[in-house]
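One-letter residues, chain by chain:
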Amino acid sequence: MEDLAIARACAEFADDKKAENIRILDLRGLSPVIDYFVLCSATSAPQLRAVRDNIEDEMKEKHGQRPLYKDGNYDSQWIIIDYGNVMVHILTPEKREYYALEELWGDAPEVALKADEPAPEPKPRAKKAPVKKAVVKKAATKRATKKKAD
C-alpha cells in the first residue's frame, strides 16, 4: 500500500470517530525520517482512545497494516501511531495548540484528505506575539545578596 493511501485511510478512520481538524502534511523532502503526518484532534480521553482504536483496527482489518510503534497515553493527551513513512498524531486541541506541529512543519504542503479532492489552499502563517521577559528589580536582588552576605 502506498504511503499517501495509508495516510488518507488513517484520516478517514479518524473521521469515522468524529476526530476534528484532520490534516495530512507532506513531509517528503523536508524530513529524512517520515513522509506524511496525519494530525487530528480529539476532545476527550474516551475520544482519543476511540480514534486510536478505530485507526488501528480498520488498518489491520481492511489493509493488513499494523503499526510499527505506538506511543502516548490518555493522560498525556497525545497519541502517536507509526506506520513507517506515515505518522498519525491524535492530540487534544490544547496540546495541539501548545506543540504547534503545523507551525513547526510550516513548510510542508497540505494534502487533500481524499484523492478526488483538490489540495487545500495554503494557510498564511500566523505570527505569534513576542514573549515579554520578566523584569527583575535590581533593588530586591541587591537586598537578597546583602542578606546572604551577612
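Data block above holds the structure.
Remember, it's a predicted structure, so these values are computed and weren't measured experimentally.

### Things to note about the overall build of the protein
Right, on to step 1. Assigned secondary structure in the protein consists of five helices and six strands.
Right, on to step 2. Mapped from its N terminus to its C terminus, the protein presents α and β elements in the order α-β-β-α-β-β-β-α-α-β-α.
Right, on to step 3. Counting over 150 residues, the protein shows a buried share of 37%.
Right, on to step 4. Of the contacts formed within the protein by residues at least 6 apart in sequence, a portion of 58% connects residues at least 24 apart.

### Examining the sheet that holds strand β2 (residues 36-41)
Right, on to step 1. Strand order in the open sheet made by the six strands is β3-β4-β5-β2-β1-β6, with mixed pairing throughout. What marks the edges here is a single partner per strand, and that holds for β3 (69-71) and β6 (110-111).
Right, on to step 2. The pairing of strand β4 (residues 78-82) with strand β5 (residues 86-91) spans five bridges and is antiparallel. Within the sheet, the bridge partner assigned to aspartate 82 lies in β5 and is methionine 87.
Right, on to step 3. The strands that helix α1 (residues 3-16) touches are β1 (20-26), β2, β5 and β6; relative to β2, the one it contacts most, it runs at about 5°.
Right, on to step 4. Packed on one face of the sheet, helix α2 (residues 45-63) meets β2, β3, β4 and β5 and runs near 160° to β5.

### With respect to the side chain of aspartate 82
Right, on to step 1. Structurally, aspartate 82 can be placed in strand β4.
Right, on to step 2. Side-chain polar atoms of aspartate 82 contact the backbone nitrogen of glycine 84, separated by 2.8 Å.
Right, on to step 3. Excluding anything up to four places from it in sequence, aspartate 82 contacts Pro67, Leu68, Tyr69 and Met87.

### Focus: the nonpolar core
Right, on to step 1. Membership of the largest hydrophobic core comes to 26 residues, with the highest contact counts inside it found for Cys10, Val38, Ile55, Met59, Tyr83, Val88 and Ile90.
Right, on to step 2. Elements with a contribution of two residues or more to this core: α1, β1, β2, α2, β4 and β5.
Right, on to step 3. Sorting elements by how many residues they give to this core places α1 first, with eight residues.
Right, on to step 4. Setting aside anything within four residues of it in sequence, one finds valine 88 in contact with Cys10, Val38, Ile55, Ile79, Ile80, Ile81 and Tyr83.
Right, on to step 5. Core analysis: the next-biggest nonpolar cluster, separate from the first, contains eleven residues, Leu25, Trp78, Met87 and Ala108 among them.

### Overview of the environment of arginine 66
Right, on to step 1. Here arginine 66 shows up in the loop between α2 and β3.
Right, on to step 2. The class for arginine 66 is exposed, based on a relative accessible area of 57%.
Right, on to step 3. As for arginine 66 and isoleucine 81, which are separated by 15 residues in sequence, their C-alpha atoms are 9.6 Å apart.
Right, on to step 4. With near-sequence residues (within four places) excluded, arginine 66 lies in contact with Lys60 and Tyr83.

### Examining the state of the cysteines
Right, on to step 1. The tally for this structure, following the rule as stated, stands at zero disulfides.
Right, on to step 2. Counting only cysteine sulfurs, cysteine 40 is the nearest neighbor of cysteine 10, a cysteine outside any disulfide, at a range of 9.4 Å.

### Looking at the pattern of salt bridges
A pair can form between side chains of opposite charge whenever their charged atoms are brought close.
Right, on to step 1. Evaluated as defined, the whole model comprises eight salt bridges.
Right, on to step 2. Glutamate 56 is the salt-bridge partner of arginine 52, the closest N and O atoms lying 3.8 Å from each other. Here glutamate 56 and arginine 52 lie together in helix α2, a separation of four residues that amounts to about one turn.
Right, on to step 3. Overlapping salt bridges, with partners in common, bring together Arg23, Arg96, Glu102 and Glu110 in one network.

Scoring rules and cut-offs
- Just so you know, the residues in each chain are numbered from 1, in the order the chain's sequence is written.
- Only residues with pLDDT of at least 70 get local features here, since the model is predicted, and only at 80 or more are side-chain atom pairs given and counted; chain-wide, interface and lining totals rely on the full set of residues.
- For side-chain calculations, the full set of non-hydrogen atoms in the structure is used, while hydrogens and water are omitted.
- Every helix listed is a DSSP run of H or I at least four residues long, and every strand listed is a run of E at least two residues long, numbered separately from the N terminus.
- Classification of residues uses two cut-offs on accessible area relative to the type maximum, computed with a 1.4 Å probe and protein chains only: under 20% is buried, over 50% is exposed, and between them is partly exposed.
- Whether two residues are in contact is decided by their heavy atoms: any pair within 4.5 Å suffices.
- Only strands that DSSP links by at least two bridges are regarded as paired with each other.
- An axis is simply a line fitted to the C-alpha atoms; with a helix, the fit covers only the stretch in contact. Between two such axes, the angle follows the N-to-C directions and lies from 0 to 180 degrees.
- Here a polar contact is recorded for every N or O atom pair within 3.5 Å, except that within protein the pair must consist of a potential hydrogen donor and a potential acceptor, and residues adjacent in sequence are included only if both atoms are side-chain atoms.
- What is meant by a nonpolar core is a set of buried Ala, Val, Leu, Ile, Met, Phe, Trp, Tyr and Cys residues, joined one to another through side-chain atoms within 4.5 Å.
- Only a pair of cysteine sulfur atoms within 2.5 Å qualifies as a disulfide here.
- By convention in these notes, a salt bridge is any Lys or Arg side-chain nitrogen within 4 Å of a carboxyl oxygen on Asp or Glu.

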